[in-house]
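# Observations on the three-dimensional arrangement
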Amino acid sequence: MSDSRSATQAEWGWQGPDRRPPGGGDDAWHGRGSAVEIDPGQKESIRILVVDDERTLRESCSSILGAEGFPVTVTGKGDEALDLLKRLRPQIVLVDLYMPDISGMDILEAALKQDAETLVIVMTGRASVESSIHALRAGAWNYIPKPFSATHLNILIGRAAHAVVIARESRQQREETA
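Figured I'd write up the structure that's included with this text. (Residues numbered from 1 in each chain as written. Predicted model: local features only at pLDDT ≥ 70, side-chain atom pairs only at ≥ 80, totals over all residues. Heavy atoms only, no water.)

## Some words on unusual backbone geometry
As a reminder of what qualifies: Helix and strand assignments come from DSSP, with helices taken as H or I runs of at least 4 residues and strands as E runs of at least 2, each series counted from the N terminus. Buried residues are those whose accessible area, probed at 1.4 Å on protein chains only, stays under 20% of the maximum for their type, while exposed residues exceed 50% and partly exposed ones sit between those limits.
That bond from Lys146 to Pro147 is cis: its omega, -5°, falls within 30 degrees of zero. Within the fold, Pro147 resides in the loop between strand 5 (142–145) and helix 8 (150–177). One non-glycine residue with positive phi stands out, namely Arg89, at about 50°. Its location among the elements puts Arg89 in the loop between helix 5 (78–88) and strand 3 (92–96). Its relative accessible area of 40% is what places Arg89 among the partly exposed residues.

## Overview of helix 5
Which entries qualify depends on this criterion: The arc in question is formed by the directions pointing from the helix axis toward the C-beta atoms. The contact criterion used throughout is that any non-hydrogen atoms of two residues lie within 4.5 Å.
Buried within helix 5 are the following residues: Gly78, Ala81, Leu84 and Leu85. Along the long axis of helix 5, the arc covered by the buried residues comes to 105°, so they all point the same way. Exposed positions of helix 5 whose direction lies more than 90 degrees from the buried face are Lys86 and Arg87. Check the buried side of helix 5 and you find it contacts strand 1 (48–51), strand 2 (72–75), strand 3 and helix 6 (104–114). Downstream of helix 5 by a residue or two, Arg89 has a phi angle that is positive, lying close to 50°.

Taken by themselves, the reported measurements are silent on function.
Written out as structure tokens, the structure reads:
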């Protein structure tokens, strides 16, 4: 790996001076798609729940992810989020760490208790090393400080969706060979 490449470039395997993702995905690089390509049919089967008390952020996430082809449900209330976790069984949950009625950590715990394969991404406007370590140790798949860009959200959800697809395929292969 060249020393001039960033950790993100190395993580995504971006090569060459133009720093494009694999396949030359200009759309993905400029925030008009995720950096990990997923079949549209697979996207439709990956349910995303966004839990944040900030209406603008909820609507923005819903708009961005919906435009990518994901079914998105949003809520600004922790108790409603707990109900939606049970009813929808989302594969990906974006949750604000600091909610007024129920903490994001409680929602993280409930999501993982219901289904250990749920990918929970914790968001916060008050990011700290301590809160990120606490969330990740509690089982969060990732942690994202607010504000974040549409590009950052698309890449993060693209990676999470890819992980969901890989886990499904692995589970199906195990079931077929059992």
